Amino acid sequence: MTDLSQFDPNSVGNPNNNIFGLPFKEEEARLIIVPIPWEVTVSYNAGTARAPEHVFKASLQVDIFDPELKDAWKQGFFMRPCDKKILMKSDYLRKEAELYINYIAEGEEVKDNKFMCKTLKEVNAGSIFLNDWVFEQTKDLLNAGKLVGLLGGDHSTPLGFFKAIAEKHGDFGILQIDAHCDLRKAYENFNYSHASIMYNALEEIPQLTKLVQVGIRDYCEEEWDYIEANKQRVITYFDKDIRERQYEGQTWQVIAREIISRLPQIVFISFDIDGLDPKLCPHTGTPVQGGFETEQLFYLFKLLMQSGRKIVGFDLNEVGVSHNEWDENVGARCLFKLCSMLVVSNPA
């Protein structure tokens, strides 16, 4: 057990310690954060592959006192170092993907260009490698009795984690916070695009019995059709509809309770930071006007816990890298809330 007698939780975060300045080693911590420095298929702004390291640095400024989840941190949070090989692979394949995206943006036929055919094959193979790597990392931790959170990287990163959760817990639901549906099939011909994560999860993981999407405000007709065809399994709360219900007098409490009622007993939280108002995440990969304040989502999570449902894991992704650490600061505070909720939802 970690000796906390010499640790002052009221003092400045110690950079010689781990995430949030906490003095835990991996073997002592109950919750392990796995950073995934990956952004191969991002289709607009890049940078999120380096977000985990920046969020770690910003986390030292987060006060660890939370009166609603008091002392959750004492169970131990630990973030693994970023795997440099994964980052190097992401950087290489990202350059390849950029060439490919620019090529198809010109309306060119991929089959007419051997180099582009090879590039597409390499990117898709790299994504499969990443999915398998994430699955093995998270599976081993879950089997060792650890709670696990994933810190991306883009939103393609948690698929392997979803599969490890399914293997560990059986049937479960995902509460997705996002500006986008992420229900496109092989967006830009990338089989495991960040814009296809929920489509792939639904198609490949039968234990995923319910996907509840909240805050969606940017989507295509293909995604709309998929939602309409899968109403028993996919429930989408569009940002526009939430706001109109509030304009007409419904409270966020009423809407939030309804959202939670659609979820099964076992819940995974998939938190794309662009679900927030872009003033809170201006450097995220694909910002969209609208979105939530952090406290609105923290209130939703609070009601989720009060409902008696069990949170079994989370991912936080698409955090941008800024010049003043604003995106990273917001990301670190969201990460701390997610970590605290996960350990409280799983009594030791």
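Read on for an overview of the structure. Please read these numbers as outputs of a predicted model, since none were measured by experiment.

### Considering the nonpolar core
The tendency in soluble globular proteins is for nonpolar side chains to be buried side by side.
Stage number 1. Membership of the largest hydrophobic core comes to 114 residues, with the highest contact counts inside it found for Leu 175 and Phe 271.
Stage number 2. For this core, the element with the highest residue contribution is helix α10 (residues 326–344), accounting for 10 residues.
Stage number 3. Residues in contact with Leu 175, not counting those within four places in the same chain, are Val 212, Val 214, Ile 259, Leu 263, Val 267, Phe 268, Ile 269, Ser 270, Leu 300, Phe 301 and Leu 304.

### Some points on the sheet that holds strand β4 (residues 172–177)
Stage number 1. One open sheet accounts for eight strands, arranged β2-β1-β3-β8-β7-β4-β5-β6; its pairing is parallel. Whereas interior strands pair on both sides, the edge strands pair on one side only; in this sheet they are β2 (77–79) and β6 (234–238). Between one strand axis and the next, the sheet turns by 20 degrees as a mean value, whatever way the strands run.
Stage number 2. Sheet topology note: the strand β5 (residues 208–216)/β6 ladder contains five bridges and is parallel. Within β6, the residue paired with Gln 213 across the bridge is Thr 236.
Stage number 3. Strands in contact with helix α3 (residues 114–143) are β1 (31–36) and β3 (147–152); relative to β1, the strand with the most contacts, it is inclined by about 170 degrees.

### Quick look at the packing of helix α7 (residues 239–247) against helix α8 (residues 252–261)
Stage number 1. Contact pair α7 / α8: the axes reach a minimum separation of 10 Å and the direction vectors enclose 140 degrees. Our classification of the angle between α7 and α8 gives oblique. Contacts from Ile 242, Arg 245 and Gln 246 in α7 reach Trp 252, Ile 255 and Glu 258 in α8.
Stage number 2. Residues belonging to the contact of α7 with α8 are distributed by class as follows: three nonpolar, one polar and two charged.

How each quantity is defined
Residues numbered from 1 in each chain as written. Predicted model: local features only at pLDDT ≥ 70, side-chain atom pairs only at ≥ 80, totals over all residues. Heavy atoms only, no water. Core = buried A, V, L, I, M, F, W, Y, C linked by side-chain atoms within 4.5 Å. Buried < 20%, exposed > 50% of the residue type's maximum accessible area, 1.4 Å probe, protein only. Helix = DSSP H or I, 4+ residues; strand = E, 2+ residues; numbered from the N terminus. Contact = heavy atoms within 4.5 Å. Pairing = 2+ DSSP bridges. Axes fitted to C-alpha atoms, helices over the stretch in contact; angles between N-to-C directions. Parallel < 35°, antiparallel > 145°, perpendicular 65-115°, else oblique. Nonpolar A, V, L, I, M, F, W, Y, C, P; charged D, E, K, R; others polar.

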